[in-house]
Every structure is written in structure tokens, then in C-alpha cells.
Amino acid sequence: MTRPSVPLSLIRQVALAAAPGAISLAVGEPSHAVPAAVRDAIAAAVAAGDFGYTPNAGRADLRQAVARRRPAHGGEADSTLVTVGSQEALALAVFGLVGPGDEVVIPDIGYPAYETLPRLAGTTGVRAPLAAVEAAITPRTRMLIVGSPANPTGEVLAAERFRQLATLAEERRFWLLSDEVYEELWLDAPPSYPSGPRVLHVGGISKSLALTGLRLGWLVAPPDVTQQLLGLHQNLVTCAPSLAQVAALAGLALPAAEMEAIRDGYRRRWATMRNALAGIRDVTWREPQGAFYCFADFRRRVASTTQLAFDLARQGEVLVVPGEAFGPAGAGWLRLTFAAPEEAIREGVARLAAALQ
């Protein structure tokens, strides 16, 4: 059987097309400082030569710390798999729990992997708006993927809506795969993710701790599910990097005030971007509630946001992501990240505005 080809996402294609001097408002790369306690924990592990294998599922103390955040699955270490980034956690759930002939329902605008992973698993991806996802559920539905706070829109799924979806998953016997990698980065109010016997929670440290390169994530699920997926995880990666697990354990122990300071930084950056975008005629946006993305509507200004994004990249101006990267409904939109420093945000939006003149 011929496997489907996997092109790079439009996010990465735009980044690779960049000429020198381009300001990046494209890749979701946090620019805030890594918390000192996390840096110190990594340094201590390096000094001690702590570079060996961990258990395949991850360090027991880290798994226990993550599990305590999701007590509905028992709150014990055996409900958690520590993975190589949240991306591996998503892949494990899809590859391990769905197969040919199944259907996976994905948001009509959502992170590109939500579509790619089911396709690689030989399943059918069905796009649907989360507000009316019930109409897309069929007897073949094996999984529904949601992200909250969402990439690219910054939307936070209301607790009651999440609870409805969790109940529907239990009634209709499909998995609700909840991508929560941005769960610490809320702007207005903390997201609330009720659990349930058919809910799988994905998280990680890449975004909240500015540790994208350490590749550390996790999957929290009923213990029988983590046990079912453990062999697949072991054969793919053996275990997550040991130093990254040290960093995650330190990050989970940070004082609440330190995470609130990080969120305050993103609130300031969003205010900077909002003020800059307000000066561009006929451009509107979805007000983000979390993560660090603005999803902006340029349909009244340009014929093709994909063409615009590649032109700006090749000219060394500014990197932005065309909305088509997140599904057909994103045509005419751009995703801009305010994870960049404030001066880069101001200059990047100014370059975008100048290109539209």
C-alpha cells in the first residue's frame, strides 16, 4: 500500500521561503525568558551527568505531577504517558486508537496536524464547526479533536460546551482528543476542561515555558488507554528526553505568580498588536482569549493571503501564515503571532500595512 505523502505545513513553507531581514510573526516560538527555576534544574541535571534513559512512560514523579492535574483519570502516574512534545501525544492517540474505515472529526479551522495525522492513519477526516459538531457525528466516528486555547484563533472552549462534547463522546463511543498545549496561556480567564471516560488530554511545556526545542509533552487518559499506547510509544521514541523531563518537573512546580507574569507579558504584546492592526483599513480579527495568535480577516484587502504571505517572505519583509494552512475556511485570513518581542510586533505589522498600500 502506498502511504500518502506528507508535505511541510504552510507554516514551515513560509518560514523556509524567508529572505534575510524578515521579521517573523509566523512560527509560534515564545520569546519570553525561560523561568530561572527551570534553567537551574536543567543545569543541575547536566552537572550531575543525568543523561540516561528514563522509564518508557516517563519519570514516575513527573507522571504523577501531570496526573494530579487530571484527577478524573485517577490522578495516578499510570494515567500519564510522557511524550516527545505534544505532537507525539496527538500522534499516539490517532495512530493507536483509530484505523481504516473510521472517521475523525476535526475543527473547520484548526492546527494542521489535526488533518494530517488521521490521513496518515488511513482514516477519513471530517471538518465541522465545533458549535454544530453533533451533525458531523456518524456511526463511523471514532474520534473528535479539539484544541483550547485554539491555534490559530485563540478561542477558549467554554467549560459547558466541553462537558457537552465529553458526554456526547461517552454516549456515542468515540474519543474526545483535547489538545491543551496552550492551557497556561489564557488572557481573560483560565480554561476549564472537564474530563470523562472517553476524554484524552494532551499538554506540554513548549509554549508556556518557552522550551519548544526540548520536545516534552504528555497524554493523560484512562490507565488502560495509556497501557495500550505504551508499546507504540516505546517503539517510536523509547522515552522522552531525560533533561526535558527535568525541565517539565521544575516547570510544573513554579509559583502561580510566575506564570501570571508570563501571561501579563502576552496581554501587553496583544495590546501592542491590536493597536497596530487597528491602523490597517478594512481588517478585522477574532479577539483571542488564549494562546498567542491573532486570526485576522484580510478578505477585503487582498485576493490571496497565501500569495501575500509568500511574497512578503521572499521580499524579506514579514512572515505571516495564510489562513488556508488551517483549513479551507481560513482562506483570506492571516495568522499572526504576538509571541514575538513588542518592537518586532510593531515593525512587523507596519511592514504588513505598507505592503497593502
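Residues numbered from 1 in each chain as written. Predicted model: local features only at pLDDT ≥ 70, side-chain atom pairs only at ≥ 80, totals over all residues. Heavy atoms only, no water.

Quick word on the sheet that holds strand S7 (residues 199-204)
In a beta sheet, neighbouring strands are held together by backbone hydrogen bonds and run either parallel or antiparallel to one another. Taken in spatial order, the 7 strands make up an open sheet running S2-S8-S7-S6-S5-S3-S4, and their pairing is mixed. The open sheet has two edge strands with one neighbour each: strand S2 (80-83) and strand S4 (124-128). Across the sheet, the mean angle separating the axes of adjacent strands is 20 degrees when strand polarity is ignored. Lying over the sheet, helix H3 (residues 60-67) contacts S2 and strand S8 (217-220), oriented at roughly 115 degrees with respect to S2. (Pairing = 2+ DSSP bridges. Helix = DSSP H or I, 4+ residues; strand = E, 2+ residues; numbered from the N terminus. Axes fitted to C-alpha atoms, helices over the stretch in contact; angles between N-to-C directions. Contact = heavy atoms within 4.5 Å.)

Quick look at the packing of aromatic side chains
The final tally for this structure, using the stated rule, is 10 aromatic pairs. With a centroid separation of 5.5 Å and an interplanar angle of 90 degrees, the aromatic rings of Tyr-182 and Phe-292 are classed as edge-to-face. In this pair, Tyr-182 sits in the loop between strand S6 (175-179) and S7 while Phe-292 sits in the loop between strand S9 (284-286) and strand S10 (293-297), placing the two residues 110 residues apart along the sequence. Taking 5.3 Å as the distance between ring centres and 35 degrees as the angle between the ring planes, the aromatic pair formed by Trp-270 and Phe-338 counts as tilted. Residue Trp-270 is found in helix H9 (residues 256-277), and its partner Phe-338 is found in the loop between strand S13 (333-337) and helix H11 (342-356); the two are separated by 68 residues along the sequence. (Phe/Tyr/Trp six-rings, centres within 6.5 Å; stacked < 30°, edge-to-face > 60°.)

Some remarks on the sheet that holds strand S12 (residues 321-322)
Taken in spatial order, the 4 strands line up as S9-S10-S13-S12 in an open sheet, and their pairing is antiparallel. With partners counted over all chains shown, the strands left at the sheet margins are S9 and S12, one partner each. Direction of pairing for S12 relative to S13: antiparallel, over a ladder of 2 bridges. Its bridge partner being in S13, Val-321 is matched across the sheet by Arg-335.

Overview of the side chain of Thr-141
Inspection of the secondary structure assignment puts Thr-141 in strand S5 (residues 141-147). Its relative accessible area of 4% is what places Thr-141 among the buried residues. A distance of 2.9 Å separates the side chain of Thr-141 from the backbone nitrogen of Thr-138, its partner in a polar contact. Filtering out sequence-adjacent residues up to four positions away, Thr-141 remains in contact with Glu-103, Val-105, Ala-136 and Phe-174. (Buried < 20%, exposed > 50% of the residue type's maximum accessible area, 1.4 Å probe, protein only. Polar contact = N/O pair within 3.5 Å; in protein donor to acceptor, adjacent residues only side chain to side chain.)

Considering helix H6 (residues 159-172)
Residues spaced three or four apart along an α-helix point in a common direction, a consequence of the helix completing one turn every 3.6 residues. Its 14 residues give H6 an end-to-end C-alpha distance of 20 Å, which sits within 8% of 20 Å, the value for a rise of 1.5 Å per residue. Contacts from the buried residues of H6 go to S5, S6 and S7. Where H6 terminates, the next one or two residues include Arg-173, which has phi positive at roughly 65 degrees. (Expected span 1.5 Å × (residues − 1).)

Things to note about the pattern of salt bridges
Summed over the entire model, instances satisfying the criterion amount to 19 salt bridges. Between Glu-180 and Arg-70 there is a salt bridge, and its shortest N-O distance comes to 2.7 Å. Placement of Glu-180 in the loop between S6 and S7 and of Arg-70 in the loop between H3 and S2 is noted, with a sequence separation of 110 residues between them. For the pair Glu-180 and Arg-70, one class covers both residues: buried. Here the salt bridges share partners, and the residues they tie into one network are Arg-69, Arg-70, Glu-180, Glu-183, Glu-184, Glu-260, Arg-263, Asp-264 and Arg-267. (Salt bridge = Lys/Arg side-chain N within 4 Å of Asp/Glu carboxyl O.)

Observations concerning the environment of Leu-216
Following the sequence through the fold, Leu-216 ends up in the loop between S7 and S8. Given a relative accessible area of 0%, Leu-216 falls into the buried group. Expressed as a C-alpha distance, the spacing of Leu-216 and Ala-247, which sit 31 residues apart in the sequence, is 8.8 Å. Those residues in contact with Leu-216 that lie beyond four places of it in its chain are Leu-62, Val-82, Thr-83, Val-84, Gly-85, Gly-204, Ile-205, Ser-206, Ala-240, Ala-244, Gln-245 and Ala-248.

Re empty space enclosed by the protein
To find leftover empty space, a probe the size of one water molecule is rolled over the atoms. Under the criterion given, the structure shown has 2 cavities of 30 Å³ or more. Lining the largest cavity, in full, are Val-66, Arg-69, Arg-70, Glu-180, Glu-183, His-201, Val-202, Gly-203, Trp-218 and Val-220. For the lining of the largest cavity, the elements supplying multiple residues, two or more each, are S7 and S8. When residues of the lining of the largest cavity are assigned to their parent elements, the largest contribution, 3 residues, is made by S7. The space that makes up the second largest cavity amounts to roughly 30 Å³. Taken together, Tyr-114, Gly-147, Ser-148, Pro-149, Ala-150, Asn-151, Asp-179 and Tyr-182 form the lining of the second largest cavity. The class makeup of the residues in the lining of the second largest cavity is 4 nonpolar, 3 polar and 1 charged. (1 Å grid on protein atoms, 1.4 Å probe; cavity = no way out; pocket = protein on both sides within 12 Å on 5 of 7 lines; lining within 4 Å. Points joined across faces, edges and corners; volume = space filled by probe spheres on them. Nonpolar A, V, L, I, M, F, W, Y, C, P; charged D, E, K, R; others polar.)

Description of the layout of surface pockets
For the largest pocket, the calculated volume is near 1,000 Å³. Along the wall of the largest pocket there are 38 residues; nearest its centre are Ser-9, Ile-11, Gln-87, Tyr-111 and Ala-113. Taken together, the elements giving at least two residues each to the lining of the largest pocket come down to helix H1 (10-16), helix H4 (85-97) and helix H5 (113-120). The greatest single-element share of the lining of the largest pocket, amounting to 6 residues, is contributed by H5.

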